[in-house]
Amino acid sequence: MPSPAHLPLIDMVVIVGYILGIVLFGAWFFRHSRTLEGFTVGSRSLPGWAIGLSMLATYLSSVSFLANPGKSFASNWSPFVFSLTIPVTCWISARWFIPLYRGKLQTTAYEHLEHRFGYWARAYSGLALIMLQIGRIAVVLYLVSLAMQELLGWDIVVVILVLGLLTIIYTVLGGIEAVIWTDVVQAIVLMVGGLVCCGLLVARMPGGAGHALSVAWEQEKFSFGGWQFDLMIEGFWVVFIFGIVDNMRNFGVDQNFVQRYMAAKSDREARKSLWLGGLLYLPISAIFFLIGTLLFMYYGSMAATPEGMPSGGDKIFPFFIV
């Protein structure tokens with residue numbers, strides 16, 4: 001297994017080239033973002049399939065790519081119950097929230113709160129969103145920087161600062177169009193990457209994948225955490241209730257999604273984007289949880305622990321990728 005400092009040149013070129021390519025691609029949309037409507041809602045001209053893949057990329061990010069395999073590696077599939085609530089919240093949002101926002105608002109979900117309750121409600125909600133996104137971006141940047149550190153051996157603080165700055169540059173220059181179209185690229189890369197890694201694990205599994213999965217089933221690695229209604233444990237019902245509440249926030253009021261609804265060409269395209277992004281996440285998230293389970297069986301079947309292998313969690317998948 002190559003160390004980060006001795007990755008083949010072609011790997012280094014691909015990693016650095018991809019990052020710079022994404023930045024340049026996003027910045028290219030500067031010509032469309034010179035007006036307020038162009039910057040915030042892409043002149044309301046974007047196709048539903050592109051917005052849907054952008055929503056999928058927003059949901060996937062490094063959290064799904066690294067944290068979800070880490071969770072199923074260390075424990076079981078109980079966090080996957082969160083994904084099972086998505087069809088319910090997609091239906092509610094498509095039925096009521098999308099027509100409301102596209103019929104009454106210009107750019108943000110919080111305009112509606114101002115109309116109903118006054119400016120204080122809009123200001124409070126906007127501030128709450130900013131605080132929430134600071135926390136979310138911190139987690140996303142940290143996780144993707146863990147992977148970059150494992151691959152390249154760079155200091156994690158440097159990786160966070162560089163990736164954060166580059167993302168700010170193309171987002172500020174290109175506006176919502178840059179965000180959506182770079183998300184399309186990244187959604188495809190994340191999906192293909194996950195499928196390739198899953199295929200490699202299945203092909204390399206000692207004793208065959210069928211035997212490994214049957215052993216994993218016996219060890220309750222596919223468990224949803226228990227079906228009893230106990231709010232003190234991370235069982236099925238606790239995660240399900242959390243999923244309903246959090247996904248209603250995501251699809252119903254989160255500016256990340258509302259702004260994408262507003263950027264669609266029509267109400268029909270906005271609904272299409274919601275269903276495409278939401279329903280695609282179900283099988284894709286299942287693949288990443290499966291990767292974690294396969295990693296548990298793969299490394300557990302070895303006679304000796306590989307040198308430098310982390311004890312588990314978010315670093316296990318980057319370790320396998322290297």
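Residues numbered from 1 in each chain as written. Predicted model: local features only at pLDDT ≥ 70, side-chain atom pairs only at ≥ 80, totals over all residues. Heavy atoms only, no water.

## Re the packing of helix α5 (residues 86-104) against helix α11 (residues 255-263)
The packing of two helices is summarised by the inter-axis angle and the distance between the axes.
Next, step 1: Relative orientation of the contacting elements α5 and α11 amounts to 70 degrees, with a least axis distance of 10 Å. By the angle between their axes, α5 is roughly perpendicular relative to α11. The interaxial crossing formed by α5 with α11 has right-handed handedness. From α5, Ser93, Ile98, Tyr101 and Arg102 reach across to α11, where they touch Val258, Tyr261 and Met262.
Next, step 2: Residue composition of the contact of α5 with α11, grouped by class: five nonpolar, one polar and one charged. (Axes fitted to C-alpha atoms, helices over the stretch in contact; angles between N-to-C directions. Helix = DSSP H or I, 4+ residues; strand = E, 2+ residues; numbered from the N terminus. Parallel < 35°, antiparallel > 145°, perpendicular 65-115°, else oblique. Left-handed = near helix turned anticlockwise from the far one by under 90°. Contact = heavy atoms within 4.5 Å. Nonpolar A, V, L, I, M, F, W, Y, C, P; charged D, E, K, R; others polar.)

## Quick look at the state of the cysteines
Next, step 1: Scanning all chains against the criterion turns up zero disulfides.
Next, step 2: Summary of cysteine pairing: Cys198 is not part of a disulfide, and the nearest cysteine sulfur, belonging to Cys197, is at 8.7 Å.
Next, step 3: Residue class for Cys198 comes out buried when judged on its relative accessible area of 10%. (Disulfide = S-S within 2.5 Å. Buried < 20%, exposed > 50% of the residue type's maximum accessible area, 1.4 Å probe, protein only.)

## Regarding the pattern of salt bridges
Next, step 1: Counting across every chain of the model gives eight salt bridges.
Next, step 2: Notably, a salt bridge pairs Asp183 with Arg260, separated by 3.0 Å at the nearest N-O pair. Of this pair, Asp183 sits in helix α8 (residues 156-204) while Arg260 sits in helix α11; the two residues are 77 residues apart in sequence, bridging distant segments of the chain. Residue Asp183 shares its accessibility class with Arg260, and that shared class is buried.
Next, step 3: Overlapping salt bridges bring together Asp246, Arg249 and Asp254 as one network. (Salt bridge = Lys/Arg side-chain N within 4 Å of Asp/Glu carboxyl O.)

## Focus on the layout of surface pockets
Next, step 1: Size it by volume and the second largest pocket reaches roughly 690 Å³.
Next, step 2: If you trace the second largest pocket, you find 29 residues lining it, with Val63, Phe82, Phe242, Asp246 and Asn250 closest to the centre.
Next, step 3: If you tally residues by element for the lining of the second largest pocket, the top one is helix α3 (residues 48-74), at seven residues.
Next, step 4: When grouped by side-chain class, the residues that make up the lining of the second largest pocket number 14 nonpolar, nine polar and six charged. (1 Å grid on protein atoms, 1.4 Å probe; cavity = no way out; pocket = protein on both sides within 12 Å on 5 of 7 lines; lining within 4 Å. Points joined across faces, edges and corners; volume = space filled by probe spheres on them.)

## A look at the confidence of the model for the chain
Next, step 1: When pLDDT is averaged along the chain, the result is 90, and 98% of the positions lie at 70 or above.
Next, step 2: Within the chain, the element-level pLDDT minimum falls on helix α6 (residues 110-117), averaging 87, and the maximum on helix α4 (residues 81-84), averaging 96. (pLDDT = per-residue confidence, 0-100.)

## Remarks on helix α9 (residues 209-218)
Next, step 1: Looking at α9, one finds that the buried residues are Ala209, Ala212, Val215 and Ala216. Angular distribution of buried residues about the axis of α9 spans 130 degrees; they occupy a single face of the element. Exposed residues lying more than 90 degrees from the buried face of α9 are Gly210, His211, Trp217 and Glu218.
Next, step 2: Packed against the buried residues of α9 are α8 and α12 (267-300).
Next, step 3: Count one or two residues on from α9 and you reach Glu220, which has phi positive near 60 degrees. (Arc of directions from axis to C-beta.)

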